[in-house]
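# A closer look at the structure
Take a look at the letters that make up each chain.
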Amino acid sequence: MTPPTPAPSTPTPSAQPVGARAEAPLRRPALAVTVLAGTVVLTGMIELLLQLLQSQLEWMQYVVQGSYLVLVPVSLAFGASVLWLLAASGITRVDARRVSRLPLLMLGLLALSALLAPAGQLLALLLRLIGVGDESAVGYGLRTSIGAGLTSGGTILLTVIIGVLALLLLKRPPRAERTLRIPVGPVPVAVALLITALLLAASVPIQNVISSWIALDWEALQILFSLLTVTKGLLAALLVLAMGLLLALTAGRTRRVLWAGFIAYWVTRVLAAVLVRIFVFQMLSGAATDGGWLTPVAWTADVIGALMLAATAVVVIVRLVPRADSKS
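Residues numbered from 1 in each chain as written. Predicted model: local features only at pLDDT ≥ 70, side-chain atom pairs only at ≥ 80, totals over all residues. Heavy atoms only, no water.

## Brief notes about a nonpolar patch on the surface
A contiguous nonpolar surface patch, about 520 Å² in accessible area, is contributed by Leu 122, Leu 126, Leu 129, Ile 130, Ile 223 and Leu 227. Counting only elements with at least two residues in the nonpolar patch, the list comes to helix 4 (116–129) and helix 7 (218–249). With three residues, helix 4 is the single largest residue contributor to the nonpolar patch. With respect to the helices and strands, the residue Leu 129 is situated in helix 4. (Patch = residues over 30% accessible without salt bridge, like charges linked within 9 Å, V, L, I, M, F, W, Y side chains within 5 Å. Areas by Shrake-Rupley, 256 points an atom, 1.4 Å probe, with all protein chains shown as cover. Salt bridge = Lys/Arg side-chain N within 4 Å of Asp/Glu carboxyl O. Helix = DSSP H or I, 4+ residues; strand = E, 2+ residues; numbered from the N terminus.)

## Side note on the side chain of Thr 250
Secondary-structure assignment places Thr 250 in the loop between helix 7 and helix 8 (252–284). Taking the relative accessible area as the measure of exposure, Thr 250 reaches 5% and is therefore buried. Within the local environment of Thr 250, its side chain forms a polar contact with the backbone oxygen of Leu 246, the two atoms lying 2.8 Å apart. Each residue touching Thr 250, except ones within four places of it in the same chain, is listed here: Pro 186, Arg 255, Leu 258 and Leu 320. (Buried < 20%, exposed > 50% of the residue type's maximum accessible area, 1.4 Å probe, protein only. Polar contact = N/O pair within 3.5 Å; in protein donor to acceptor, adjacent residues only side chain to side chain. Contact = heavy atoms within 4.5 Å.)

## Some words on the side chain of Ser 89
With respect to the element layout, Ser 89 can be found in the loop between helix 2 (60–88) and strand 1 (98–100). A distance of 2.7 Å separates the side chain of Ser 89 from the backbone oxygen of Leu 86, its partner in a polar contact. In this structure, Ser 89 is in contact with Leu 26, Arg 98, Val 99, Ser 100 and Pro 103, ignoring residues within four places of it in sequence.

## Considerations on the packing of aromatic side chains
Under the criterion given, the structure shown has two aromatic pairs. Aromatic side chains Trp 259 and Trp 266 sit 6.4 Å apart centroid to centroid with 55° between the ring planes, which places their arrangement in the tilted category. Here Trp 266 falls in the buried class, since its relative accessible area comes to 13%. Aromatic pair Phe 262 and Trp 266: ring centres 6.2 Å apart, planes at 50°, arrangement tilted. Of the two residues, Phe 262 and Trp 266 both sit in helix 8, four residues apart, roughly one turn of that helix. (Phe/Tyr/Trp six-rings, centres within 6.5 Å; stacked < 30°, edge-to-face > 60°.)

## Focus: the packing of helix 3 (residues 101–114) against helix 7
It is the contact of helix 3 with helix 7, at a shortest axis distance of 8 Å, that shows an interaxial angle of 160°. One finds that helix 3 runs roughly antiparallel with respect to helix 7. The handedness of the crossing between helix 3 and helix 7 comes out as right-handed. From helix 3, Leu 104, Leu 107, Gly 108, Leu 110, Ala 111 and Ala 114 reach across to helix 7, where they touch Gly 233, Ala 236, Ala 237, Val 240, Leu 241, Gly 244 and Leu 245. (Axes fitted to C-alpha atoms, helices over the stretch in contact; angles between N-to-C directions. Parallel < 35°, antiparallel > 145°, perpendicular 65-115°, else oblique. Left-handed = near helix turned anticlockwise from the far one by under 90°.)

## Points about the environment of Thr 39
Mapping Thr 39 onto the fold places it in helix 1 (residues 18–54). We classify Thr 39 as partly exposed; its relative accessible area is 30%.

## Notes on the nonpolar core
With 57 residues, the main nonpolar core has Phe 78, Met 106, Ile 162, Leu 193, Phe 262 and Trp 266 as its most contacted residues. Listing elements by their share of this core, those giving two or more residues are helix 1, helix 2, helix 3, helix 5 (137–171), helix 6 (186–211), helix 7, helix 8 and helix 9 (294–327). No other element matches helix 7, which puts eleven residues into this core. With residues up to four places along the chain from it excluded, the contact list for Leu 193 reads Leu 239, Ala 242, Met 243, Leu 246, Phe 262 and Ala 313. Core analysis: the next-biggest nonpolar cluster, separate from the first, contains six residues, Leu 275, Phe 279, Ala 298 and Ala 301 among them. (Core = buried A, V, L, I, M, F, W, Y, C linked by side-chain atoms within 4.5 Å.)

Written out as structure tokens, the structure is:
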């Protein structure tokens, strides 16, 4: 007797390749990165043009300061979209430490862009020390434009590369083998985030102390400020790396805690930027004495934001350490 031919079974979801599963959750963050990258490039090019005209038209200073109020939230939203894409690329079903290579590369480029602002200020100081431009307003504007050109031009270039990589994810979703394994677990990254956030919080009162050293030589004071700016830029780059890796290495409620802390930190960044620009507007109009309280409040917002990040890292460490001990 011939045995009956078994009916063809419907493939179960578990039989689908990981790449097909990963395609859907990557599309929305990849689209967000692409759109926001274009927005950052557009606003950055406008800012660069305005800065080039700043030394030639006196009223252009107000327009430049106003452009910062648009560029800051747009840049923060772009960075958040890159972190979202990296978090969505975690292949937790196979290995909790595996992420797609392209989002990880985008995170590195985003961290590199955080170093451009201190590099631009350092370049402006070096140009002054070697005698590029005189001490007039025109000479100062020339040095500022060169340094700002490096910052804005480099940011635009890196943003274009990140946008192109996100577009590649939209056109050709990554396969399962195109991943990398993060060599560290979430607890060391959370500790790195905690330390970096505390150092950023400490840099604000240090900057306030340096600002009070009026008796110092002006050139020495500028060197100190430049070194502090470079240090803060390094910390900002480390912060971006820690935030992205921690999102990629966590899931569930722990990841939601991270998002809450990161969003609160970004809100304080926008608030501080708005307060600083209001003070600069008043200074340009000759009414800086009426808004002398704005700068200390902006610094306080920076400290609060960094401390909120540190508190978020502590909560994550407390949640993750028992799990790490149970696995060992």
